[in-house]
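A closer look at the structure
One letter stands for each residue in the lines below.
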Amino acid sequence: MGSLLFVGSKLSFYYFHNLEYIEKLRWKGLMVGYVNYEVLIVMEMLKTNNEHIYLPISAIAEILYCPRNFYYRVVEGAQDLNAHVLEGRLQEDRRNERTRVAREGYSQVRSVMISSEKLRLIGVVDVVEEDSEIYPVEYKKGSLKESLSDDVQVCAQAMVLEEKLGRDINRGYIYYVQSRTRREVVLDESLRSLVEKTVNRGFEIINSGEIPTPAADARCEGCALARRCLPFEVSCLVDESRKKTVRPIPCFNQGRVLYVDEPGAYVRKKGERIWVTKEKDTLIDMPLCNLEQVVLSGTVNISAQLIKILLERGTEVHFLSRGGKYYGCLQPSLSKNSVLRIAQHKAFQSNSQCLKYAREFVRGKLTNMRTLLVRHNRTQKDKNLLLAITKIKSMLKKLDDITSLNSLLGIEGICSKEYFKVFNCLIKDTVPFNFNKRNRRPPEDPVNALLGYGYSLLTKDISSAVQVVGFDPYIGFLHRSNYGRPALALDLMEEFRPIIVDSLVLKVLNKGVINKDDFECQVTGTFLNDSGRKKFYRAYEERRHEMITHPIFNYNLPYLRIFELQARFLAKVLQGELYEYKPFLVR
Amino acid sequence: MKHYIITYDISDDKRRNKIYKLLRDYAVPVQYSVFEARLKDEDYLLLRYKLERLMKRDTDSIIFYRQCIRCQKDILRLGRSGEPFGDGIFIL
Ligand code: SF4
């Protein structure tokens, strides 16, 4: 028998196979934080000793339902949550609040933790009931339905209980919360052998590290992992004929973004809200829910309390200087995806791999630069523009024959020079700004200043995309990693520079959104002033939220989601699921 | 993101206070006893869950009215009233 442990005043008790592991877990009551303890146990065990891997019982149903789901949850430690999962957890929580029920004739114990050495399973049985017989009851949200994976889960619970109690169990029940009905499951031989087979399959996946192929069918509709898994996109990239089936996943979050650029403002927490004050005035008092990013610029104070709660909720906090320098961000601790980071470091060690990815980043950048010029040339028909366009095109052809990083950087340098040589032609004559050459730190003229601000804002979003996916942001392929800069973010950024920032700068200048009054010239360089910065932040965020048709999948989505999509594709290439990284090319 | 109008009627002062505070964390008080909010499904579930734990079913009442996009456009606000936070960009 395992050890017996009472938690709080609740009358539930738990059997543990090994108390040591459990002690490491923090019992957080099951409120907003959600420690997925079953998975945690497995992760702990993975680290210490391979022989003591125990699978969570709930994973049995997952393997049957979609093995890829199992892989993400258990191997990569994904804890993605959506409304469906949350609803299930809240229902579970409500149940646990009620105490032990003993009616005439039978007694009931809730949330029993059990484990089995033979099957190497561990988990919680929602309810164990006893009348003349003993049997497990599994709670499911939703209404009565036949589902093999649920049956198998109950059967697994029963088999583990049998081992613990030394009694035979012939039936189990599934209780459907919505329709308030139970369904009996008879635990026959075929079901039992299916449990064993499924457990074996689970260990196979863990040991081989193979990523199961996506289901890409109706199952993915309500799946919390779809955002990470990209079932339709992956199967389309692997097999072109499935292109038609791709549709955007409705789970991307168009959360709120809050910029605070008020010298002396104080950002703090009030209840579960963010409260920004300056002197005695309240600037904003906004609920934290659905807040995706907080960007602080200049001398703004933020309270440690707020930082803590923001990190807990997964909201990023970015810091910019008023001069447009990107300082960095606070993000929740790195995601658990160590598998990806190992793959990334491996690729970094190999020169040919580095070159392979670096080439695609440069290809993306140059192609998009050219596209931007071509777009403008449609109306302008300028000789110099045409020259630059053909030059970049001829350089693009040479990319495939490149054998060293240095020659790649050479090509990139030549093209960028050509591009910025003609950049001034793209600014309308009526606009009182001129661009001679690219300069920075400090920018000497307004156009360079704007470009600098824009690239900083882009760094903010790409580095957060890179970290959300679970990369190590400091290991890059094109940008070598010796400057202490987020090299991988800079790599992935290349393809977006022309289409996000350069074109945005041209837009705000040509449309007169930003004009001479928005700049201040100092001895140290040219910068945006207070009103100019705010206008530019807005313009940038609007661009980031702008919808665009994806060139490969033909669906509409905002740029902010494309950053993440590209980072995810890179991850899938590194993990061997996709063959080549394709930069994001606009038409 | 869905739009909700939330109204409540709570008999006990202390509990009303607590519920008011909770609602403020998710929604904007637009009038006495009336809140409005734009919530993701996850936040809606959490709010509902927390409210259910605070309220007393036999004496209190809380109602969520969900508004479709068309109805949101038809909302008419006269005079002085709050407005829920929209989506997107806030620059201070
Ligand atoms: S999105 Fe589909 S393929 Fe991916 S884990 Fe979920 S169910 Fe499986």
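This text follows the structure it describes.
Residues numbered from 1 in each chain as written. Chains lettered and ligands numbered in written order. Predicted model: local features only at pLDDT ≥ 70, side-chain atom pairs only at ≥ 80, totals over all residues. Heavy atoms only, no water.

Here we look at the overall build of chain B
- From N to C terminus, chain B includes 3 helices and 5 strands.
- Walking chain B from its N terminus toward its C terminus, one meets helices and strands in the order β-α-β-β-α-β-α-β.
- Against the globule reference of 12 Å for 92 residues, chain B gives a C-alpha radius of gyration of 14 Å, in line with a compact fold.
- Along the three orthogonal principal directions, the C-alpha set of chain B runs to about 35 × 30 × 30 Å.
- Out of the 92 residues in chain B, the part that is buried amounts to 45%.
- Partitioning the intrachain contacts of chain B with sequence separation of at least 6 by distance along the chain shows that 73% fall at a separation of at least 24.
- As displayed, chain B offers around 5600 Å² of accessible surface, 48% of which is attributable to carbon and sulfur atoms.
- Between the centroid of the 19 positive side chains of chain B and the centroid of its 14 negative side chains there is a distance of 2 Å. (Helix = DSSP H or I, 4+ residues; strand = E, 2+ residues; numbered from the N terminus. Rg over C-alpha atoms; globule rule 2.2 N^0.38 Å. Buried < 20%, exposed > 50% of the residue type's maximum accessible area, 1.4 Å probe, protein only. Contact = heavy atoms within 4.5 Å. Areas by Shrake-Rupley, 256 points an atom, 1.4 Å probe, with all protein chains shown as cover. Lys, Arg positive; Asp, Glu negative; His and termini not counted. Charge placed at Lys NZ, Arg CZ, Asp CG, Glu CD.)

With respect to the interface of chain A and chain B
- With 41 residues of chain A at the contact, the number on the chain B side is 26 residues.
- Carbon and sulfur atoms make up 61% of the area that chain A and chain B hide from each other, which totals about 2900 Å².
- One can count 2 salt bridges joining chain A with chain B.
- A salt bridge links A:D285 to B:R24, with the shortest nitrogen-to-oxygen separation between them at 3.4 Å.
- Our count for the contact surface shared by chain A and chain B stands at 7 residue pairs in polar contact (both at pLDDT 80 or more).
- Elements supplying a minimum of two residues to the side of chain A that touches chain B: α5 (83-97), β10 (256-260), β12 (273-278), β13 (281-287) and α18 (530-545) of chain A.
- Here the side of chain A that touches chain B is built from residues that sort into 19 nonpolar, 6 polar and 16 charged.
- With 3 bridges connecting them, β10(A) and strand β5 (residues 89-91) of chain B associate as parallel partners. Looking at β5(B), one finds that A:V257 is bridged to B:I89. (Buried area = accessible area lost by both parts, 1.4 Å probe. Salt bridge = Lys/Arg side-chain N within 4 Å of Asp/Glu carboxyl O. Polar contact = N/O pair within 3.5 Å; in protein donor to acceptor, adjacent residues only side chain to side chain. Nonpolar A, V, L, I, M, F, W, Y, C, P; charged D, E, K, R; others polar. Pairing = 2+ DSSP bridges.)

Some details on the packing of helix α6 (residues 148-165) of chain A against helix α7 (residues 189-208) of chain A
Residue and element names in this part refer to chain A.
- Close contact between α6 and α7 brings their axes to 9 Å; oriented N to C, the two are set at 90°. In terms of their interaxial angle, α6 and α7 are classed as roughly perpendicular. Along its contact with α6, which presents L148, D151, V152, C155, A156, M159 and E162, the element α7 presents L191, R192, L194, V195, E196 and T198.
- When grouped by side-chain class, the residues that make up the contact of α6 with α7 number 8 nonpolar, 1 polar and 4 charged. (Axes fitted to C-alpha atoms, helices over the stretch in contact; angles between N-to-C directions. Parallel < 35°, antiparallel > 145°, perpendicular 65-115°, else oblique.)

Notes on the side chain of A:S416
- Looking at where A:S416 falls in the secondary structure, it is placed in helix α14 (residues 405-422).
- In this view, A:S416 contacts A:K365 and A:M369; residues no more than four positions away in its chain are not counted.

Quick word on the sheet that holds strand β14 (residues 291-297) of chain A
- The strand order across the open sheet formed by 5 strands is β17(A)-β16(A)-β14(A)-β10(A)-β5(B), and the pairing between neighbours is mixed. Bordering the open sheet on either side are β17 (326-330) of chain A together with β5 of chain B, each of which pairs with just one other strand. The average undirected angle you get between the axes of adjacent strands in this sheet is 15°.
- Direction of pairing for β14(A) relative to strand β16 (residues 316-320) of chain A: parallel, over a ladder of 5 bridges. In the strand pairing of β16(A), A:V295 is matched with A:H318.
- The strands touched by helix α15 (residues 446-469) of chain A within the sheet are β10, β14, β16 and β17 of chain A, with β16(A) carrying the most contacts at an inclination of about 150°.

Points about the site of the ligand
All names here are of chain A.
- Lining the immediate environment of the ligand, one finds C66, R68, N69, P214, A215, C220, C223, A226, C229 and P231.
- Elements represented by at least two residues in the shell around the ligand include exactly α4 (67-75) and α8 (226-229).
- Residues of the shell around the ligand, tallied by class, amount to 8 nonpolar, 1 polar and 1 charged. (Near = heavy atom within 4 Å.)

Notes on a positive patch on the surface
- On the surface, a cluster of positive charge is made up of A:K325, A:R440, A:R441 and A:R485.
- Structurally, A:R485 is set in the loop between α15 and α16 (487-493). (Patch = residues over 30% accessible without salt bridge, like charges linked within 9 Å, V, L, I, M, F, W, Y side chains within 5 Å.)

Description of the sheet that holds strand β3 (residues 34-39) of chain B
All names here are of chain B.
- Judged by pairing direction, the sheet is antiparallel, and its 4 strands sit side by side in the order β2-β3-β1-β4 without closing on themselves. The open sheet has two free edges, formed respectively by β2 (28-31) and β4 (61-67), since each of these has just one partner strand. Across the sheet, the mean angle from the axis of one strand to that of its neighbour is 30°, orientation sign disregarded.
- Across 3 bridges, the pairing between β2 and β3 is antiparallel. Looking at the pairing, Q31 lines up with V34 of β3.
- Sitting on the sheet, helix α1 (residues 13-24) touches β1 (2-9), β2, β3 and β4, and the angle it makes with β1 is about 170°.

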